[in-house]
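# A structural walkthrough
The residues making up each chain are set out below.
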Amino acid sequence: MAKPKNSAAADALVPFLQQAADALGIRLTVTEAAFEQALLHYYRQEDRTYNLFFLGTDFSVIFDPYYDFHTDDLYQGVQNTTGIADEALMEEAGKMRATPPGNRDEYLEHWLSFQKRFAELMPMVPLYSALYIDVHSNQLQGYDVRLYGNWPAALLYAYPAS
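The following refers to the structure shown.

Below, the discussion takes up helix H2 (residues 35-42). Those residues of H2 that sit buried are Ala38, His41 and Tyr42. Each buried residue of H2 lies within a common arc of 100° when the element is viewed along its axis, so the set occupies one face. In this fold, the buried residues of H2 make contact with strand S1 (2-4). Immediately downstream of H2, the backbone of Arg44 shows phi near 55°, a positive value.

Below is the structure:
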């Protein structure tokens, strides 16, 4: 496991992970690495030497498992961080992507098929997730993260109320 140096959160969590791994008969070796170095391994810009990363990454602005699990070399690394090149998983992601807008039941059917294949492969298990909430006063107008994809971009188009 790659653990960033000087991470109080990682330092607090490692003993629990170690205990769980021991109980499962898994040998967990923890290596401290500079955050930047760990990212190079995570995004497979350097040969991966870790199977577990204690890193916080953001989700892509556009949710599209078709690219997140794409089998083509072009998508390996930054977009497909797992390195999985499974045609069946990509096919299921493609079916979700091809679902006509508004056809919720068909999309959910494809989503379930995708999740079943994903669970068979089990490329990753997130240890946590985060919910971001933007709170601002009514004095800020035109601020819409959904429209611009992230808060820095949304701030560029926001303006004070008159």
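Here the focus is unusual backbone geometry. The phi dihedral of Asn6 falls on the positive side, at around 60°, and the residue is not glycine. Locating Asn6 in the fold gives a position in the loop between S1 and helix H1 (8-24).

Okay, the pattern of salt bridges next. Counting across every chain of the model gives eight salt bridges. Here Asp86 and Arg117 are joined by a salt bridge, their closest N and O atoms 2.6 Å apart. Linking Asp86 in the loop between helix H3 (65-68) and helix H4 (87-98) with Arg117 in helix H5 (residues 104-121), this pair joins segments that are 31 residues apart in sequence. For Asp86, a relative accessible area of 14% corresponds to the buried category. One connected set of salt bridges, linked through shared partners, spans Lys3, Asp11 and Glu32.

Thresholds applied
Residues numbered from 1 in each chain as written. Predicted model: local features only at pLDDT ≥ 70, side-chain atom pairs only at ≥ 80, totals over all residues. Heavy atoms only, no water. Buried < 20%, exposed > 50% of the residue type's maximum accessible area, 1.4 Å probe, protein only. Helix = DSSP H or I, 4+ residues; strand = E, 2+ residues; numbered from the N terminus. Arc of directions from axis to C-beta. Contact = heavy atoms within 4.5 Å. Salt bridge = Lys/Arg side-chain N within 4 Å of Asp/Glu carboxyl O.

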